[in-house]
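Each chain is listed here by its residues.
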Amino acid sequence: MLQQVNGHSSGSDAHGGESLREDLQEFLGGEAPLHQLDDLTKVNPVTLETVLRCLQARYTADTFYTNAGCTLVALNPFKPIPQLYSPELMQEYHAAPQPQKLKPHIFTVGEQTYRSVKSLIEPVNQSVVVSGESGAGKTWTSRCLMKFYAVVAASPTSWENHKIAERIEQRILNSNPVMEAFGNACTLRNNNSSRFGKFIQLQLNSLLVPRAQQMTGATVQTYLLEKTRVACQASSERNFHIFYQICKGASADERLQWHLPEGAAFSWLPNPERTLEEDCFEVTREAMLLLGIDAPTQNNIFQALAGLLHLGNTRFADSEDEAQPCPLMDNAECSVRTSASLLRLPEDPLLETLRIRTIRAGRRQQVFRKPCSRAECDTRRDCLAKLVYARLFDWLVSVINSSICADPDSWTTFIGLLDVYGFESFPTNSLEQLCINYANEKLQQHFVAHYLRAQQEEYTAEGLEWSTVSYQDNQTCLDLIEGSPISICSLINEECRLNRPSSAAQLQTRIESSLAGSPCLGHNKLSREPSFIVVHYAGSVRYHTAGLVEKNKDPIPPELTRLLQQSQDPLLKVLFPADPEEKSQEEPSGQSRAPVLTVVSKFKASLEQLLQVLHSTTPHYIRCIKPNSQGRAQMFHQEEVLSQLEACGLVETIHISAAGFPIRVSHRNFLERYELLRRLCPGAAPSPRGPPPDEGRSEWSPHSEQATLQALLQDILHTLPALARAPAEATPAPVHCGRTKVFMTDSTLELLERGRAQVLGQCARCIQGGWRRHRGRKQERQRRAAVLIQAAVRSWLTRKHIQRLHAAATVIKRAWQEWRIRMAFLASKELDGVEEQHSSQVTCSLSSFPLPQAQTRLLGAVTRFWPLGLVLANAAVGARGFRRKLVVFACLPLPVGSLSSYTVQTAQEQAGVTSIRALPQGSIKFHCRKSPLRYADICPEPSPDTVTGFNQILLERHRLGHV
């Protein structure tokens, strides 16, 4: 929806745009996930995509019912869920104070209708419209609703009333198996497809039990039975269930009686090998017995059905002579004989009626007999079977009604259940699909009117100035189908009244020429078959005109009716009574011919009557949806679901919602998201969030809070003109502020989101600038702190290093002192005699001068250790300056007397002593060993006259090697 954010294209940052859309979707849909949304009206925005996603999420979570405003969407789970329809759950919904607050369910709709109909103020009749395509679950939904009403509406006080209510309840429930056996069939889409529409009226009475509604009876009204299925079944489909039930469930005696041997093949019984749950013969017989149909009558019914199966095996061959009737094929005579025996008809008149047509012409009504062609024989045979089955079905409905219907004076209100076909579109569509889609168009118009009324009530409750929302009305399509004076139905009926054969191409030409101005009429020029196209609300459908007029006439040859009136079967006598009035109507004179009552006319009249009933009630809608065509659980096909949503009118409802105000946001949610737009108005005051926790509670009220919210909302809405001045917008989009919600369109939401993105961009830039400033200052502080820490660490490391050096020097000094003493001791022992003599002379000279004892001892030590002291005085480390000179002076063997008596004799002048050790003999080898002390053998100031090392104590002499 949003194209740019902060001036950057959304395409440049797909991830950012996706996150923004997710954020917007989360805001519009609230914090609840999609599978937790019980109502599709809470989905924002109301689009097909969001509706499909919500339904798919709920279906995946095994949640099969979802509200859609005034409609309940029911997804077929395709698996048994007994706990979802248990009597305990029925009582829970019935006893709930507010059942609409429980999870969506068909029991919610049932309880709402039951409580509305028992209102003491103004009880209103209720109706429930159950629609959907074949296999969507309409029959199951109607059955569960009937069980629910039978349970909650059967609670009388007295024992006698309890027996009556129990009997009525059982009869109403037993009508379902009978109706399904004779009116349902297995199709490509559903194993139990209803091939007729029905409206069940559950009759209630509040006089017996005060403040309650007791079910006293019911009536069933049927619409448009697909009787052509008796003689014609599509590929891979089956006939009505009852034919398979009698073939599979009959006893041995009944098989003999009805001529149904094991393994018998019938052309009107395709796919007999398939076994379905609906092929339970005993359930149908027991239900018929409880409805008042005794065993002999049941035997007559099943015998007549067996006769129709044998009639279907009657095959005709082409006649070589047009004046002669068509001969029977092989084994057809046996089938005709068996069929006539089961139907209690004479065999020869049966064959004659099927192969020879009676024509009355002239003023005297002369009778002409004309042999029929092979196709006409097949048509008359099929017509006979359809006539018998249709009369039998109508008779069963009348028996059921007489069994369960109450007297008009014994009931006051009713709840109607309408189970109708869904919208149908097949490769080949004929009169049946036209009538079905026509009925859906009428129901869609009724539904849209009711939905708009509900929407208008909501707008009125919110205080909005309501104006009619423009939407696609289907009145144009209805005018095309049923309008006056010219419409599709009127043209088809006119073709039936004309005393001439009608061709498919001629009918197509008349429809296209007479209704060319209708926008809902189209035609396919590339189609080779005559047809026309009608643009319905759910899509375009192509109807073939071939056979359309004949199906509309539904011709019943009078001789067929007269033949059936000759039957000796008790049931057929009831179905085809010999009524003189009926005979006179069947044989009208040529000058006073009665108008032909066509199928379309009958259906249109019954549909108008049904709509009158619906208009007098409060309707409730249940749209049954089939998630997939394979009938598998946990499989959701969006394309198929979308087509069904279009067929049942929910898509049109969504479009109507989109034409109005599809975005509906509560006040508080609106403020939480768009309050920052007030930054665009410099003069806007800060918004109060509410009263303080402990102050002003007595003055704060919901009215003042509402006033504050309204003021804030108006401030926000005032920013729309400023946003609309953008180049893409000329005027601000419509938006209305209701009492509890804000109503707006998609364009308004886009404007608000654009302004919100703009304000968020400004705020983001401010935040980024502040963050950068804070980060720079923080980095500067960190740098200074790092410098201080580094200086302190370096100082500490230096101190530690100096301390270690001092400690090492101390250790060295101590070790050196010990070594020096040891070496001095060893050197004193090795002195030669000359040194000892010199030492004695020094001692004698010192004795002439009396000195203190301490000085005398020190002088002796200095005299003894003078060579070592001389070495130390010239070492790289040790005494410096004056001290060094003193040491050198002290180490020299100078006389103690006067200075004038002192003479210095160098080594060159002295002959003899060249070392402090004994004189070497021969060659001299110096054994030098590196001192373990650091820098012991290195002189910092190298000089040729410098004595280095403690192991190389040498004296000067000219030629040491020549001594």
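Conventions adopted
- Residues numbered from 1 in each chain as written.
- Predicted model: local features only at pLDDT ≥ 70, side-chain atom pairs only at ≥ 80, totals over all residues.
- Heavy atoms only, no water.
- Helix = DSSP H or I, 4+ residues; strand = E, 2+ residues; numbered from the N terminus.
- Buried < 20%, exposed > 50% of the residue type's maximum accessible area, 1.4 Å probe, protein only.
- Contact = heavy atoms within 4.5 Å.
- Areas by Shrake-Rupley, 256 points an atom, 1.4 Å probe, with all protein chains shown as cover.
- Axes fitted to C-alpha atoms, helices over the stretch in contact; angles between N-to-C directions.
- Parallel < 35°, antiparallel > 145°, perpendicular 65-115°, else oblique.
- Left-handed = near helix turned anticlockwise from the far one by under 90°.
- Polar contact = N/O pair within 3.5 Å; in protein donor to acceptor, adjacent residues only side chain to side chain.
- Pairing = 2+ DSSP bridges.
- Patch = residues over 30% accessible without salt bridge, like charges linked within 9 Å, V, L, I, M, F, W, Y side chains within 5 Å.
- Salt bridge = Lys/Arg side-chain N within 4 Å of Asp/Glu carboxyl O.
- Lys, Arg positive; Asp, Glu negative; His and termini not counted.
- Charge placed at Lys NZ, Arg CZ, Asp CG, Glu CD.
- Core = buried A, V, L, I, M, F, W, Y, C linked by side-chain atoms within 4.5 Å.
- pLDDT = per-residue confidence, 0-100.

Observations concerning the overall build of the chain
Here is step 1: Per the secondary structure count, the chain includes 32 helices and 19 strands.
Here is step 2: Residues classed as buried in the chain amount to 42% of the 963 residues present.
Here is step 3: Considering only residue pairs separated by 6 or more positions, the chain has 70% of its internal contacts joining residues 24 or more positions apart.
Here is step 4: If you sum the accessible surface of the chain, you get close to 52,300 Å²; carbon and sulfur atoms cover 54% of it.

A few points about the packing of helix α13 (residues 374–404) against helix α19 (residues 558–565)
Here is step 1: The geometry of α13 relative to α19 is characterised by a closest axis approach of 11 Å and an angle of 55° between their N-to-C directions. Relative to α19, the element α13 is oriented oblique. The crossing of α13 and α19 is right-handed. Contacts between α13 and α19 involve Arg 380, Cys 383, Leu 384, Leu 387 and Val 388 on the former and, on the latter, Glu 559, Leu 560, Thr 561 and Leu 564.

Regarding the environment of Asn 552
Here is step 1: Locating Asn 552 in the fold gives a position in helix α18 (residues 548–553).
Here is step 2: Residues in contact with Asn 552, not counting those within four places in the same chain, are Leu 431, Ile 492, Asn 493, Cys 496, Thr 598, Val 599 and Val 600.
Here is step 3: One polar contact links Asn 552 to Asn 493, side chain to side chain, over a distance of 2.9 Å.

Here's the deal with the sheet that holds strand β13 (residues 521–522)
Here is step 1: Overall, antiparallel pairing links the 3 strands, which are arranged β13-β14-β15 in an open sheet. Edge positions in the open sheet fall to β13 and β15 (539–544), since each of these has one partner strand only.
Here is step 2: With 2 bridges connecting them, β13 and strand β14 (residues 531–536) associate as antiparallel partners. Bridge assignment links Leu 521 to a residue of β14, and that residue is Val 534.

Observations regarding the pairing of β14
Here is step 1: Burial within β14 is extensive, with 5 of its 6 residues counted as buried.
Here is step 2: Sheet topology note: the β14/β15 ladder contains 6 bridges and is antiparallel. Of the residues in β15, the one forming a bridge with Val 535 is Ser 540.
Here is step 3: The hairpin turn running from β14 into β15, its antiparallel successor, is 2 residues long.

Examining the environment of Arg 673
Here is step 1: Considering the arrangement of structural elements, one finds Arg 673 in helix α25 (residues 667–674).
Here is step 2: On a C-alpha basis, the gap between Arg 673 and Leu 752 in space is 9.6 Å, while along the polypeptide they are 79 residues apart.

Here's the deal with the side chain of Glu 254
Here is step 1: With respect to the helices and strands, Glu 254 occurs in helix α8 (residues 252–258).
Here is step 2: The buried category is assigned to Glu 254, whose relative accessible area is 13%.
Here is step 3: There is a polar contact of 3.0 Å between the side chain of Glu 254 and the backbone nitrogen of Ser 251.
Here is step 4: At 2.9 Å, the side chain of Glu 254 and the side chain of Arg 285 are in polar contact.
Here is step 5: Not counting the four nearest positions on each side in its chain, Glu 254 is found in contact with Phe 281 and Arg 285.

Let's talk about the environment of Glu 559
Here is step 1: With respect to the helices and strands, the residue Glu 559 is situated in helix α19.
Here is step 2: The spacing of Glu 559 and Ile 356 is 203 residues in sequence and 9.7 Å in space, taken between C-alpha atoms.
Here is step 3: Not counting residues up to four positions away in its chain, the partners in contact with Glu 559 are Thr 353, Ile 356, Arg 357, Thr 358 and Arg 380.

Some words on a positive patch on the surface
Here is step 1: Together, Arg 773, Arg 777, Lys 778 and Arg 781 give the surface a local cluster of positive charge.
Here is step 2: Relative to the assigned elements, Arg 781 resides in helix α28 (residues 746–829).

A look at the side chain of Asn 125
Here is step 1: Among the structural elements, Asn 125 can be located in the loop between α4 (106–117) and β5 (126–131).
Here is step 2: Of note is the side chain of Asn 125, whose polar atom sits 3.2 Å from the backbone nitrogen of Phe 414.
Here is step 3: Excluding its chain neighbours within four sequence positions, the residues that come into contact with Asn 125 are Val 117, Thr 412, Thr 413, Phe 414, Thr 617 and Thr 618.

With respect to the nonpolar core
Here is step 1: Membership of the largest hydrophobic core comes to 126 residues, with the highest contact counts inside it found for Phe 182, Ile 301 and Leu 305.
Here is step 2: Those residues in contact with Ile 301, other than ones at most four positions away along the chain, are Phe 182, Met 288, Ile 293, Leu 392, Trp 395, Leu 396 and Leu 571.
Here is step 3: If you look at the next biggest cluster of nonpolar residues, it comprises 46 residues, including Ile 488, Cys 496, Leu 610 and Leu 614.

Concerning the confidence of the model for the chain
Here is step 1: Residues of the chain with pLDDT of at least 70 account for 71%, and the chain-wide mean is 77.
Here is step 2: Of all secondary-structure elements in the chain, the lowest mean pLDDT belongs to strand β1 (residues 4–5), at 34, while helix α10 (residues 295–312) reaches the highest, 94.
Here is step 3: Predicted confidence is poor over residues 1–14, with pLDDT under 50, and the contacts of this stretch with residues over four places away or in other chains come to 17 contacts.
Here is step 4: Contacts of residues 726–732 to residues separated by more than four positions or lying in other chains number 10 contacts, the stretch itself having pLDDT below 50.

Examining the sheet that holds strand β18 (residues 735–737)
Here is step 1: In space, the 3 strands of this open sheet follow the order β17-β19-β18, with antiparallel pairing throughout. Each edge of the open sheet carries a strand with a single partner, namely β17 (663–666) and β18. When the angles between neighbouring strand axes are averaged without regard to direction, this sheet yields 15°.
Here is step 2: Examined bridge by bridge, β17 and strand β19 (residues 741–744) share 4 bridges and lie antiparallel to one another. The residue of β19 that forms the bridge with Val 665 is Val 742.
Here is step 3: Packing against the sheet, α25 makes contact with β17, β18 and β19, and its axis sits at approximately 90° to β17.

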